Amino acid sequence: MPDDDLKALRGIGRELAEGLRTHSLDVHEGREAAEDVVAALPAEYWCLGLRPDRNPKPLREGGRTLPVRSCREFTALMEELCRGDAGLALAMPFSSMSAMLMEQMLDASQLDAHYARMSERPTWTFFALTEPERGSDAGAITTTLEPGEDGAVLNGVKRYIGNGARAYCGLVFARNTAASGMFAVQPVLVPSDAPGFTAELLDTMGLKGAGLSEIRLEGVRVPVADGARTAPTGLRGAMQTFDTFRPCVGAMALGAGTAVYEYVDRELRAGAQRNWRDRFVHRIEATRGLIATAAAALDAGRGDGSVSSAAKLSAVRLADALAAAAVDVLGPAARLDHPLIDKWDGDIRGIEFMEGTSDIQRQTIAQGWIAGRLPLVGARPGEGR
Ligand SMILES: Cc1cc2nc3c(=O)[nH]c(=O)nc-3n(C[C@H](O)[C@H](O)[C@H](O)COP(=O)(O)OP(=O)(O)OC[C@H]3O[C@@H](n4cnc5c(N)ncnc54)[C@H](O)[C@@H]3O)c2cc1C
């Protein structure tokens, strides 16, 4: 996408974010459902992220169509939306990791039905990897997929699944009992009205709009004759989705952090405002640049998990620093007097966990550096001494 279009996309995102912000506290405090906020938006927003050739309601600006398909487009839009409300940004159907992977898994008639449904009403899907005792370690998954003669049967529990209780179908990562090793773990398409499928909304301290849920699969039959419909790229495709999604989570942290920055900036008098700006404005710009670098590399097929991790880690660190500084600067009663600051702090903690905690990102960065795959660092350990 040309830079002008990216700027236009950001402009649309900023406008939408202002609208989302007006619902922030109502959703956070349980007076309003995130689904209702999304349903009240024009259809262009439910259809964000759909394949341009199949999108019945594309975003338009000055006669141009603005797709949201590349990592650059996705990160730019997510940053802007999270300046409004990160939880509600996650309630937008396009923001689920399942969206693109599902396109690979649906056959032509399913894809037609899926797109028709998306243009009629907001339609959510889920991406269910994380388990209660195993976390998001794909190699340790205990949910089983047992192939039989007339299909396959799923059993297991998934937790912290975004949109889980509001989705009509989604991807469940399960271990195929007829296969072995890492390749036995497969994403399987599961409709949420299948007998044995239940999903319950979890109570969370932040990101309420994300609709984190627990999903139980008790003898769920996967309705395909040849075992199960799985992604052609299997777990590898899912891992690529993670790499692509990581700068987007960084963009979410940056957006939430920028919301804190702008809020505090408006509250301060001139002298204190200057200090506040000196402290953070360059860091915000630098972090935005790092996220853009990671996103552009992924779009160009040069994506490296370690640059994506560096982008996410830096953004989360910045957002965390902004939330802590806000409480410092606004005084001891900041969380009571400024409920949005309290809410954003909780949201930022949630974002820290998405796509791997900061400890896990540091490990990925270290591995990339040792292997000489981290271009921004340049020298490998021991070199140049
Ligand atoms: C808002 C939100 C949305 C989410 N959406 C989804 C979703 O849609 N689908 C889904 O499947 N999951 C989802 N998750 C779950 C999320 O992906 C996981 O919680 C996340 O990846 C962390 O993994 P984990 O729970 O296995 O924690 P762990 O990685 O086990 O981390 C637990 C703690 O141990 C520390 N730790 C772990 N390993 C190390 C190590 N080697 N060295 C040092 N410290 C370590 C971590 O830093 C952390 O403090 C979501 C989570 C959140 C908060």
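Residues numbered from 1 in each chain as written. Predicted model: local features only at pLDDT ≥ 70, side-chain atom pairs only at ≥ 80, totals over all residues. Heavy atoms only, no water.

1. Remarks on the layout of surface pockets
Filter applied, for reference: Definitions used for this entry: grid spacing 1 Å over protein atoms alone; cavity, a set of points where a 1.4 Å probe fits but cannot get out; pocket, an open set with protein on both sides within 12 Å along at least 5 of 7 lines; lining residue, one with an atom within 4 Å of a point. Grid points are joined across faces, edges and corners, and a volume is the space filled by probe spheres set on the points. Strands here are runs of E lasting at least two residues and helices are runs of H or I lasting at least four, both read from the DSSP assignment and numbered beginning at the N terminus. Classification used: nonpolar for Ala, Val, Leu, Ile, Met, Phe, Trp, Tyr, Cys and Pro, charged for Asp, Glu, Lys and Arg, polar for all others including Gly.
The calculated volume of the largest pocket comes to roughly 1,500 Å³. Lining of the largest pocket is provided by 46 residues; of these, Thr 130, Phe 353, Met 354, Glu 355 and Gly 356 occupy positions nearest its centre. Put simply, the parts of the chain that give the lining of the largest pocket at least two residues each are strand E5 (151–161), helix H9 (234–267), helix H11 (305–330), helix H13 (339–353) and helix H14 (358–370). Ranked by the residues each element gives to the lining of the largest pocket, the list is headed by H13, at 6 residues. Tallied by class, residues from the lining of the largest pocket come to 18 nonpolar, 19 polar and 9 charged. Estimated volume of the second largest pocket: approximately 480 Å³. In terms of lining residues, the second largest pocket is bounded by 30 residues, among which Met 97, Ala 99, Met 100, Leu 101 and Thr 241 are the most central. Where the lining of the second largest pocket is concerned, the elements lending two or more residues are helix H5 (71–84), helix H7 (98–105), helix H8 (108–120), strand E3 (124–128) and H9. In terms of residues, the lining of the second largest pocket owes the most to one element, H9, which gives 6 residues.

2. So, the domain arrangement of the protein chain
The condition is simple: Domain start and stop positions are those given by an automatic or database domain assignment.
Assigned domains within the protein chain: domain 1 (3–95), domain 2 (124–222) and domain 3 (234–370). Here the C-alpha centre of domain 3 lies 28 Å away from the C-alpha centre of domain 2.

3. Comments concerning the pattern of salt bridges
Applied cut-off: Salt-bridge detection follows one rule: a side-chain nitrogen of Lys or Arg within 4 Å of a carboxyl oxygen of Asp or Glu. When accessible area is computed with a 1.4 Å probe and restricted to protein chains, residues below 20% of their type maximum are described as buried, those above 50% as exposed, and intermediate ones as partly exposed.
One pass over the structure, following the stated rule, counts 28 salt bridges. In this structure, Asp 53 and Arg 51 form a salt bridge, with 3.2 Å as the shortest nitrogen-oxygen distance. Residue classification places Asp 53 among the exposed positions, given a relative accessible area of 58%. Owing to a relative accessible area of 25%, Arg 51 belongs among the partly exposed residues under this scheme. Two residues, Arg 216 and Glu 214, come together in a salt bridge whose shortest N-O distance is 3.3 Å. Using a relative accessible area of 35% as the deciding quantity, one classes Arg 216 as partly exposed. Through salt bridges with shared partners, a single ionic network connects Arg 10, Arg 14, Glu 79, Glu 80, Arg 83, Glu 262, Glu 285 and Arg 288.

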